[in-house]
Amino acid sequence: MKTSFLLAASTATILDFAAANALPNPQPYPPPHSNEAYSPPFYPSPWMDPNAPGWEQAYAQAKEFVSGLTLLEKVNLTTGVGWMGEKCVGNVGTVPRLGLRSLCMQDGPLGLRFNRYNSAFATGLTAAASWSRHLWVDRGTALGSEAKNKGVDVLLGPVAGPLGRNPNGGRNVEGFGNDPYLAGVALADTVTGIQNAGTVACAKHFLLNEQEHFRQVGEANGYGYPIKEALSSNVDDKTIHEVYGWPFQDAVKAGVGSIMCSYNQVNNSYACQNSKLLNGLLKEEYGFQGFVMSDWQAQHAGVSTAAAGLDMTMPGDTLFNTGASYFGSNLTLAVLNGTVPEWRIDDMVMRIMASFFKVGKSINNLVDTNFDSWTDGEFGYVQAAVNENWEKVNYGVDVRADHANHIREAGAKGTVILKNNGILPLNKPKFLTVIGEDAGSNPAGPNGCGDRGCDDGTLAMEWGSGTTNFPYLVTPDTAIQNQALQDGSRYESILNNYATSAIQSLVSQPEAIAIVFANSDSGEGYLHPDGNEGDRKNITLWKNGDDLIKTVAANNAKTIVVVHSTGPVILKDYAVHPNISAIVWAGTPGQESGNSLVDILYGKQSPGRTPFTWGPSLESYGVQVMTTPNNGNNAPQDDFTEGAFIDYRYFDKVAPGKPRSSDKAPTYEFGFGLSWSTFKFSNLQIQKNNAGPLNPTTGKTIAAPALGTFSKNLKDYGFPKNIRRIKEFIYPYLSSTSSGQAASGDSHYGQTAKQFLPAGATDGSPQPRSPSSGEPGGNRQLYDVIYTITATITNTGKVMDDAVPQLYLSHGGPNEPVRVLRGFDRIERIAPGQSVTFKADLTRRDISNWDTKTQQWVVTKFPKTVYVGSSSRDLPLSARLP
Ligand code: NOJ
């Protein structure tokens, strides 16, 4: 008994605890400054609001269910059963008495990981490049329906963290590009789709997991750095609000059911026990009503994580397969002895179950989990970690429906044409050559490398947990050849990047068009293909790709470069190379890769626009991944001193208006992309709406409800005699019931629960609301539409085409970016000569800046200008906001 209590107690958040009594709420984050960066405390953890719009019914259903649970059942729902302790990458305990099977959490953002008969969708980054809201909702809906039909309850995606601060960040590709506005819309639309399909979405990773290096201590030790704590992203309050938190606020507004806290520290407090982030920003200010789950092994404390706002631990064990948990028995005990207040465990479970009901699930109507993550075979051990319970685990349920059509379309519409001297679209070319390994298949098969941890054959997704098994992979070689055969073209491909003389003699033949393929891969930090620890070592092309392109272009004046990549690569020389007639960024498009590409190369679909800047060098971005620890063996300190100035905001600051050829200006700017027609922008109109001033939220919350009663008799919490204990499995039961002392809530080694936790952490009385809070998404008036902007777009070319108008806003003021994205649309199929109207609503939040003093969004006095056009640097229309 004593040991258990000590485990809970010894895991206090030292930083939060130390700062606890000094500072009242709300406190802004201080400016980033290495070891001095700290995270102010925010307690108590906000409890659910029964009247939160969109959650009312779910709240009522959850309340009814949770009120009938025992303490052990409640703890079971908050605690994973341990790594490989069930069929999914994460499962919580069951409530057999009420017929609730183990809830299943499964990766990931582009399809179901460790699965079969599922689809492999485009990555978030390629999806973003379509700038198409209806495609984002469709993608989410398809993802959510595949999850539901496999018996997955929580899909671990979509992603907006990393946002993409570092151009070489390994997992940027999982998210929707590094502009918070674009990422926020895409994140929210994906959440909407997933949840409409009956699956809980999990927006991740909250927050500031901007690089793979040093995100986890064990991993970093593995590649030679004996650090003792994970990296701290040190970021100021304004930047958190205006850049990194922004997309998550949109997801909360869209009703997201769950949010995953990340591995890293934020201002020297681990993200999964950072009370300012979870309690303050997410639950109080953003009004998040769902549950926070930890990333896998990202929980580093027990009671203090619960107090700081963590609701569910994943996969449940302290480290994989230790058989011990910070929650489980420790949480049971902590509630019994009063360290964790009863209302807090109730709120944890309310949040989990309300999310469950919110997406339309019901206890008695759940699809059984009909697959197993740990074997491809029909039979397997349910507890694969310890070879227990052999049974049929894979039922081969095909959940793909007609999603291939969406994947092909989205892959095409997310392909970006960066350069085109008129060679595209191809039209029955006489002789087509395709060069490069990236056009072909992996000799080991599309799923030949576990979690796609290699770069063999064509690149259609990244590596890591954000992957799935391809049901098939249409390579560019196959798809282009199919088209060539239909057209009667002559077709030859060479897929060996090093077959230089064969390539030279092929592409130099008369009338040859050469499509040369190269790629650049990245992914999650536990895999390191070619020495890339998740993050990319550089932003050049892999496998001799740059030499390959140069060889082809030196021998062929009709060279088309196709790049598959997880982010920018250096295209500077190719942009001006006279023999390179076109450059196409085909992203990471998923299973229909080749077909999507053919649809663009042959002009059957309209392409996308780049969701990030293509800089002339890695250094040109101003920031990059930190690859050497800078704080001895203590937590590496990553100071985000650039604030909001990432990607185009940085380029616009250091090289405003500079031409492409400049060393500092982008080769291709954010939002850029060529298409099949030309568009004229005219007639910018601004309508000011009468929204009135913003009223800061005032008043107090209700008191924290405690739901149901529970026995205080330790004898009721022992390991039940009728259950066979499985090794390493995490249970809620107490290991000993011999002592009543720890349950008394009295002093233990001179320390009471009150002293142990930061001030206010156990206070369940009504709490003051913060001024920017209110509903899911924050103060409702943040979303008042203050300006409605319209512009006319006319197709001045010869073919039907999609336009992607973009609206940028200059907030004014000496320290603000030149301009930021605040509106866009993809208007499809505009006929030659046809004019359409682009309309964008500017909300109060859109035109505001975060004021750290008042802790509110404010419209500053500085004059504001809107710009409308076709990229962040091609903005023919502009006007002052009245
Ligand atoms: C760690 C990754 O960071 C996260 O994205 C993923 O969902 C979990 N592992 C589970 O696989």
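Definitions and limits used
Residues numbered from 1 in each chain as written. Predicted model: local features only at pLDDT ≥ 70, side-chain atom pairs only at ≥ 80, totals over all residues. Heavy atoms only, no water. UniProt positions renumbered as here; feature names shortened; annotations may be inferred. Near = heavy atom within 4 Å. Polar contact = N/O pair within 3.5 Å; in protein donor to acceptor, adjacent residues only side chain to side chain. Areas by Shrake-Rupley, 256 points an atom, 1.4 Å probe, with all protein chains shown as cover. 1 Å grid on protein atoms, 1.4 Å probe; cavity = no way out; pocket = protein on both sides within 12 Å on 5 of 7 lines; lining within 4 Å. Points joined across faces, edges and corners; volume = space filled by probe spheres on them. Nonpolar A, V, L, I, M, F, W, Y, C, P; charged D, E, K, R; others polar. Disulfide = S-S within 2.5 Å. Helix = DSSP H or I, 4+ residues; strand = E, 2+ residues; numbered from the N terminus. Buried < 20%, exposed > 50% of the residue type's maximum accessible area, 1.4 Å probe, protein only.

- As recorded in an unreviewed UniProt entry, the protein chain goes by Beta-glucosidase cel3A and comes from Trichoderma harzianum CBS 226.95.
- The Catalytic activity (unreviewed entry) comment attached to the protein chain in UniProt states, word for word, "Hydrolysis of terminal, non-reducing beta-D-glucosyl residues with release of beta-D-glucose."

1. Considering the site of the ligand
Piece 1. Inspection of the region around the ligand gives 13 residues, with Asp107, Arg171, Lys204, His205 and Asp295 positioned closest.
Piece 2. Measuring from an oxygen atom of the ligand, one finds a side-chain N or O atom of Asp295 at 2.6 Å.
Piece 3. Here the ligand loses 96% of its free accessible area of 290 Å² to cover by the protein chains.

2. Considerations on empty space enclosed by the protein
Piece 1. If you walk through the whole model with that rule in mind, you get 12 cavities of 30 Å³ or more.
Piece 2. Around the largest cavity, the lining is made up of 15 residues, and of these Pro446, Arg452, Cys454, Asp456 and Thr458 lie nearest the centre.
Piece 3. Of the residues that constitute the lining of the largest cavity, the class distribution is 8 nonpolar, 3 polar and 4 charged.
Piece 4. When its volume is computed, the second largest cavity comes out at roughly 110 Å³.
Piece 5. Contributing to the lining of the second largest cavity are 15 residues, with Gly164, Asn172, Asn178, Pro568 and Phe612 lying nearest its centre.
Piece 6. The residue makeup of the lining of the second largest cavity, split by class, is 6 nonpolar, 7 polar and 2 charged.

3. Focus on the state of the cysteines
Piece 1. The final tally for this structure, using the stated rule, is 3 disulfides.
Piece 2. The disulfide bridge from Cys261 ends at Cys272, spanning 2.0 Å between sulfur atoms. Between Cys261 and Cys272 the disulfide shows an S-S torsion of about 105°. By sign, it is right-handed. Remark: Cys272 occurs in the loop between strand S8 (269-270) and helix H11 (275-285) and Cys261 occurs in strand S6 (residues 258-261); sequence separation between them is 11 residues.
Piece 3. Across a sulfur-sulfur distance of 2.0 Å, Cys449 and Cys454 are joined as a disulfide pair. As the torsion about the S-S bond is roughly 85°, the Cys449-Cys454 disulfide counts as right-handed. Cys454 shares its class with Cys449; the two are buried.
Piece 4. What connects to what in the protein chain, once the bonded cysteines are numbered by sequence position, is 1-2, 3-4, 5-6.
Piece 5. There is no disulfide at Cys202, and the cysteine sulfur nearest it, in Cys261, is 9.1 Å away.

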